Amino acid sequence: EGGEERGWFRGLPDPEPMAVPASFNELVARPELRDFLGSVWYFRRFFVPASWAGKRIWLRFGAVNYRATVWVNGRKLTEWEGGHLPFAAEATSFLRVGEENTLAVKVNNLLDWATIPPGRVIRPPGDVGPLLEQYFDFFHYAGIHRSVHLYATGPATLRDLTIRTRPAAGKVLVSWSLERDGEEPHRRRIRILDHEKVVAEAETAEDRGELAFGPYRLWAPGHPHLYRFRVDLLDGEGRMLDSYTEDFGIRTVAVEGDRLLLNGEPVYLKGCCRHEDFHLVGRGLLLPLIQKDLNLLRWLGANSFRTSHYPYAEETMMLADRLGLLVIDECPAVGLNAWGAFPVFVPDRVDEKTLATHLRLMEALYRRDKNHPSVIAWSVANEPASEEEGAVEYFARVVAAMRALDPTRPVTFVASAPADRDRCGHLVDFIAVNRYFGWYTEEGRLDLAAERLRDDLRCWHRRYGKPVMLTEFGADTVAGLHTLPPQMFSEEYQVEFLRTYARVLDELDFIIGEHVWNLADFMTNQGIRRVVGNRKGVFTRERQPKMAAHYLRERWTRRK
Ligand code: GCB
């Protein structure tokens, strides 16, 4: 703290090297730095090529946790709040082309009651650092977590593109719209490509339009066919002012009766939740890890995952499109009104500041991910206190806002409330619920756990008449620990736990999917429930299988 007053945006007095992208927490040895709360500063020099003279130049951050203030050449360029979504700003007038420039970023990781996710900083008496009271079960990694790009555009700049498809017999209708700024282009040239072949083409003076073509191929797991949408902005002489290419897929998704339908056919979601989490990088972008994790999901026979509990890197979403994995895309609202400690909503009063952050980040998530065929549903929150009276008004507004942004995808939140006490299930398209019977309750008693689970799932279905997905279930398991008969924390218990749940799920015909918690072990805060992190992974943090991985592979390769 105090860096701004001391002018650190012009240069740091005693800097240490720091890798980007990465969480700084994993790259330091001192505990007070690993657990540091407050502001850290990043600084670097970079060169802007002389050939960029006359262009518009932008800086884009993939994600900085939690808030960032950015200076270029000592002048404040932009600020952003929200740890898992991109932001960009035009830096043209801040930069010197053909010369070296400086970039300073102040990264602040404090959470409060109006941040998403919320948290609370406690300052204990004495000469000790602050503590974070957090309502989520993953380590609060911080730093510049994803790539930083410097790029140039022409005087007319594409800012956003929305593509929606409506497949019909023999032909698909593709509607598109774009946002742009700067110079008015003379024409927009639109092309849809199937690999290298142009299948539809148009030129228009409008920023929106429709194109039809056929025959076409649908996108689905097993045949994730992608088309490319290309838009060029042209001037009067046909010269290109700006251009953008986006992959998209043609598919429909709907909830009908007790089924989730993909392209009109019932689909059962099989998979795991993940975390962006690994040794050394913490939550920093690591492309090989994304590839490995999605390949492990496919090896398990999974067809889906949820971005628990925040938006994942764009590269993950692109890879899911290519591999044909279905994604429940979750906004970072985890731990809302947790444990009664946090007054985001109380009867007759919704915290407008928190709600405003929530709505802003949901919109940012929608704008980033709307064109991905892999995204089949939005989760607007994980485990909010949906049994509390005030939750209804809060979530009515959140769900309505999400529907207004995107009428094409189902919306849900992931519940933890007891089925008979929830108040918000009527708002969503399908019920998503996390359950840990036989773990946090009924410890070691899988027979009792099965009873509780069956009753609970039936109760959700009876109350709301909607399909139900079990979005989390799992047991902490220390790899290499074996017991017979199975006992908690052993590999045998994890397998029996999953098998017990699977039996119940297979009995119930309104269940539309199962996501195991978690694909891999991940880092959390220290606590008596955590053995250096959460061990509910079916793979270790190193991505080696526990016995449960083999069990799931057997189940999911058979389960249609
Ligand atoms: C949950 C949370 C998840 C936790 C998990 C657990 O319900 O959604 O973030 O990590 O339980 O292991 O306790």
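For the structure itself, consult the block above.
Attention in this report is confined to the structure presented alongside it. (Residues numbered from 1 in each chain as written. Predicted model: local features only at pLDDT ≥ 70, side-chain atom pairs only at ≥ 80, totals over all residues. Heavy atoms only, no water.)

## A closer look at helix α4 (residues 352-369)
- A rise of 1.5 Å per residue sets the reference length of α4, with its 18 residues, at 26 Å; its end C-alpha atoms lie 25 Å apart and thus fit the reference within 8%.
- Looking at α4, one finds that the buried residues are T354, L355, T357, H358, L361, M362, A364, L365, Y366, R368 and D369.
- A distance of 3.0 Å separates the backbone nitrogen of K353 from a side-chain oxygen at the start of α4, and that oxygen is part of D351. (Helix = DSSP H or I, 4+ residues; strand = E, 2+ residues; numbered from the N terminus. Expected span 1.5 Å × (residues − 1). Buried < 20%, exposed > 50% of the residue type's maximum accessible area, 1.4 Å probe, protein only. Polar contact = N/O pair within 3.5 Å; in protein donor to acceptor, adjacent residues only side chain to side chain.)

## Points about the site of the ligand
- As a matter of local geometry, the ligand sits amid 13 residues, with D137, H309, E383, Y440 and K536 nearest to it.
- The separation between an oxygen atom of the ligand and a polar side-chain atom of D137 is 2.5 Å.
- Measuring from an oxygen atom of the ligand, one finds a side-chain N or O atom of R530 at 3.2 Å.
- Out of a free accessible area of 310 Å², the ligand has 92% covered by protein chains.
- Of the residues assigned to the shell around the ligand, the class counts are four nonpolar, four polar and five charged. (Near = heavy atom within 4 Å. Areas by Shrake-Rupley, 256 points an atom, 1.4 Å probe, with all protein chains shown as cover. Nonpolar A, V, L, I, M, F, W, Y, C, P; charged D, E, K, R; others polar.)

## Some points on unusual backbone geometry
- The peptide bond linking N65 to Y66 adopts the cis configuration, its omega dihedral lying at 0°.
- In this fold, Y66 is placed in the loop between β3 (64-65) and β4 (67-72).
- The step from W517 to N518 runs through a cis peptide bond, and the omega angle for that step is 10°.
- Looking at the secondary structure, you find N518 in the loop between β33 (511-516) and α8 (547-558).
- In the Ramachandran plot, N73 falls in the positive-phi region, its phi being about 50° despite a non-glycine side chain.

## Comments concerning the sheet that holds strand β15 (residues 197-204)
- Strand order in the open sheet formed by four strands is β15-β14-β19-β20, and the pairing between neighbours is antiparallel. The open sheet has two edge strands with one neighbour each: β15 and β20 (240-248). Direction aside, neighbouring strands of the sheet carry axes that sit 15° apart on average.
- Bridging between strand β14 (residues 187-194) and strand β19 (residues 227-234) involves seven bridges; their strand directions are antiparallel. Within the sheet, the bridge partner assigned to R191 lies in β19 and is R230. (Pairing = 2+ DSSP bridges. Axes fitted to C-alpha atoms, helices over the stretch in contact; angles between N-to-C directions.)

## Some points on the side chain of R188
- Residue placement: R188 occurs in strand β14.
- Among the polar contacts made by the side chain of R188, one reaches the main-chain carbonyl oxygen of A205 at a distance of 3.2 Å.
- Of the polar contacts made by the side chain of R188, one reaches the side chain of D207; its length is 2.7 Å.
- Apart from the residues within four sequence positions on either side, R188 is in contact with R180, A202, E203, T204, A205, E206, D207, D232 and L233. (Contact = heavy atoms within 4.5 Å.)

## Topic: the environment of Y436
- Position of Y436 relative to the elements: it lies in the loop between β31 (431-434) and α6 (446-464).
- Sequence separation between Y436 and A475 is 39 residues, and the spatial gap between their C-alpha atoms is 7.7 Å.
- The contact partners of Y436, leaving out residues within four places of it in the chain, are T441, E472, F473, G474, Y501, W517 and K536.
- Side-chain polar atoms of Y436 contact the side chain of E472, separated by 2.6 Å.

## A word on the packing of α6 against helix α7 (residues 491-507)
- Across the interface, α6 lies against α7 with an axial gap of 10 Å and an inter-helix angle of 35°. Of the two possible hands of crossing, α6 and α7 adopt the one that is right-handed. Counting all contacts with α6, which are made through L446, A450, L453, R454 and L457, the residues of α7 involved are Y493, E496, F497, T500, Y501, V504, L505 and E507.
- Split into classes, the residues belonging to the contact of α6 with α7 amount to nine nonpolar, one polar and three charged. (Left-handed = near helix turned anticlockwise from the far one by under 90°.)

These values are about where atoms sit, not about what they do.
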